[in-house]
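# Geometric and topological summary
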Amino acid sequence: MDGFLNTPQTARTLKLSKSGIRKHHRASALPCTKIDGRIAYPRSFVDGLAEATNGIPVTRDFVLLYKLVWEYNTGTISRQQTEQQINELRRHGQVLNTKEAAKLLGYHSNTISLWRNRGWIRSVTFWRTQLCVRSDIVKLKTLADGFTVYEAAASLGVCPTTVRKRASKGQLSTANHLNGNMRANPREVLAIAEEQAKLKAASLPAPVAAKLLSVSMQRLFRWKVLGSVRTVLIGERPQYVTEDIMALVQHFQTITPGFEWLSPIYTQPAGAKQLWPAAKAIRFLGVVQSQFNNWSRLGLLPFYVRTPAGLCSVRREYVSAYLISLKAYAAGRKITKAVLEEYYAICQENRLVA
């Protein structure tokens, strides 16, 4: 196969995948022949195309343009046929000469020639005319109007390193500018910034959310890991969805059924300080934990649940004033279920606890 390259060799030379080579082959953009039942590509064409692309990813339009000029140079087609096909591509706007490219970019034609000589624009020469594909010029125009890394970072409220990380992960379309610096697509940056503004309006920072729930930020983060609350990434920091936080606030302000008349008092900040954890309430009443938990399940004690629904461990806080008055009512008697039911009936009738 002297003078020809197989598909893997062609892919390595053009820095494409084998599927990419087959894609260009199906589009009739690559000249080929069959040798021993295998598709082979002319070495002169592949090497010349690799040199003309100058490291820029190969596109179908450029391959078609280069193929026309290569076929003319090798004598496969005449000059008249080549001109007709190139003019057809120019009429469809796929191929531009230097003046047309300069007009599209808004620069002088000498500047376009300088960029071409530096390898920033790939072109093909046909009878002293430098031809390039429109897709390359449009990409240059987008880059010329694009955001720098620092401008994109300022628009998104993140550091430049985060912008580069997002670009490497494919979350942001970027490309290298003519001077070698990265440029980001302004439309994508503004769209992401607008989306983040909407998310920010519907979310709360961790300190604010923790203060609303009267819990530590570590506990709030644990609930996030367990999936009880959702977060959205604003810039570089996660914020908690307002809907989830307010639902938890309402859940935390729901007292044991039957004790709703106590709720307006102990959902206020001053009243919340008069709530006792289960361990303190058990010690104060001098009862066994299993009994205490059973009374809670039966709804004989007023408490607030301070953990999201669905978690295995449930944290309850009990109304201290009710427990103190209950112990005073028992007057030295052992607190049992009967005493609780008796005192509960009296409270429901007279509202003894204020």
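Everything quoted here is computed from the prediction, not taken from an experiment.

Of the regular secondary structure elements, the protein holds 20 helices and 15 strands. Relative to its length of 354 residues, the protein is extended, with a C-alpha radius of gyration of 37 Å against a globular reference of 20 Å. Projected onto its principal axes, the C-alpha coordinates of the protein cover approximately 115 × 50 × 30 Å. With an accessible surface of roughly 20,200 Å², the protein has 52% of that area assigned to carbon and sulfur atoms. One way to put it: in the protein the 49 positive side-chain charges average out to a point 6 Å from where the 23 negative ones average out.

Strand order in the open sheet formed by three strands is β10-β12-β11, with antiparallel pairing between adjacent strands. If you trace the sheet from one side to the other, it starts and ends with β10 (203–204) and β11 (231–234), each paired once. With respect to the sheet, helix α11 (residues 186–201) is in contact with β10, β11 and β12 (237–241), its orientation differing from that of β11 by roughly 135°.

Right, let's talk about the side chain of Thr10 for a bit. Assignment of secondary structure puts Thr10 in helix α1 (residues 7–14). With a relative accessible area of 1%, Thr10 lands in the buried category. Contact partners of Thr10, with chain neighbours within four places excluded, come to Leu5, Ile21, Tyr41 and Val46.

Right, let's get into the sheet that holds strand β2 (residues 33–35). Sheet architecture is open: three strands sit in the order β1-β3-β2, paired in antiparallel fashion. Looking at which strands have only one partner, the edges of the open sheet turn out to be β1 (4–5) and β2. As paired elements, β1 and strand β3 (residues 38–42) share two bridges and run antiparallel to each other. Opposite Phe4, over in β3, you have Pro42 as the bridge partner. On the sheet, helix α3 (residues 43–53) packs against β1 and β3 and is oriented at approximately 60° with respect to β3.

So, on to the pattern of salt bridges. As enumerated under the stated definition, the model contains eight salt bridges in all. Two residues, Asp61 and Arg60, come together in a salt bridge whose shortest N-O distance is 3.9 Å. Notably, a salt bridge pairs Arg79 with Glu83, separated by 3.1 Å at the nearest N-O pair. Note that Arg79 and Glu83 are positioned in helix α5 (residues 79–91) at a spacing of four residues, about one turn of the helix. What makes Glu83 partly exposed here is its relative accessible area of 30%. Through salt bridges with shared partners, a single network forms among Arg230, Glu243 and Asp244.

Now for the packing of helix α9 (residues 149–156) against helix α10 (residues 160–168). Viewed as axis vectors pointing N to C, α9 and α10 meet at an angle of 100°, and their least axial separation amounts to 8 Å. In terms of their interaxial angle, α9 and α10 are classed as roughly perpendicular. For the pair formed by α9 and α10, the contact residues are Val149, Tyr150, Ala152, Ala153 and Leu156 on the first element and Pro160, Val163, Arg164 and Arg166 on the second. Grouping the amino acids of the contact of α9 with α10 by side-chain chemistry returns seven nonpolar, no polar and two charged.

Let us now look at a positive patch on the surface. On the surface, a cluster of positive charge is made up of Lys18, Arg22, Lys23 and Arg26. Mapping Lys23 onto the fold places it in helix α2 (residues 18–26). Assessed through its relative accessible area of 59%, Lys23 is described here as exposed.

The subject of this paragraph is the pairing of strand β6 (residues 129–133). Across three bridges, the pairing between strand β4 (residues 95–97) and β6 is antiparallel. Paired with Leu96 across the two strands is Cys132, which belongs to β6. The sheet contact formed by strand β5 (residues 124–126) and β6 spans three bridges and is antiparallel. Paired with Phe126 across the two strands is Thr129, which belongs to β6. Connecting β5 to the antiparallel partner β6 that follows it, the hairpin turn spans two residues, and Trp127 within it adopts a positive phi of roughly 50°.

Where α3 meets helix α4 (residues 60–73), the closest approach of the two axes is 11 Å, and the angle between their N-to-C directions is 125°. The orientation of α3 relative to α4 falls into the category oblique. Between α3 and α4 lies a crossing whose hand is right-handed. Mapping the contact onto sequence places Ser44, Phe45, Gly48, Leu49, Ala52 and Thr53 in α3 and Phe62, Val63, Tyr66, Lys67 and Trp70 in α4. Here the contact of α3 with α4 is composed, by residue class, of seven nonpolar, three polar and one charged.

Turning our attention to the confidence of the model for the protein. Averaged over every residue, the pLDDT of the protein is 81; residues scoring 70 or more account for 90%. When pLDDT is averaged over each element of the protein, helix α17 (residues 278–285) comes out on top at 90 and helix α16 (residues 269–272) at the bottom at 49.

On to the environment of Cys347. Within the fold, Cys347 resides in helix α20 (residues 337–350). Spatially, the C-alpha atom of Cys347 lies 9.4 Å from that of Tyr322, the residues being 25 residues apart in sequence.

Conventions and cut-offs
- Residues numbered from 1 in each chain as written.
- Predicted model: local features only at pLDDT ≥ 70, side-chain atom pairs only at ≥ 80, totals over all residues.
- Heavy atoms only, no water.
- Helix = DSSP H or I, 4+ residues; strand = E, 2+ residues; numbered from the N terminus.
- Rg over C-alpha atoms; globule rule 2.2 N^0.38 Å.
- Areas by Shrake-Rupley, 256 points an atom, 1.4 Å probe, with all protein chains shown as cover.
- Lys, Arg positive; Asp, Glu negative; His and termini not counted.
- Charge placed at Lys NZ, Arg CZ, Asp CG, Glu CD.
- Pairing = 2+ DSSP bridges.
- Contact = heavy atoms within 4.5 Å.
- Axes fitted to C-alpha atoms, helices over the stretch in contact; angles between N-to-C directions.
- Buried < 20%, exposed > 50% of the residue type's maximum accessible area, 1.4 Å probe, protein only.
- Salt bridge = Lys/Arg side-chain N within 4 Å of Asp/Glu carboxyl O.
- Parallel < 35°, antiparallel > 145°, perpendicular 65-115°, else oblique.
- Nonpolar A, V, L, I, M, F, W, Y, C, P; charged D, E, K, R; others polar.
- Patch = residues over 30% accessible without salt bridge, like charges linked within 9 Å, V, L, I, M, F, W, Y side chains within 5 Å.
- Left-handed = near helix turned anticlockwise from the far one by under 90°.
- pLDDT = per-residue confidence, 0-100.

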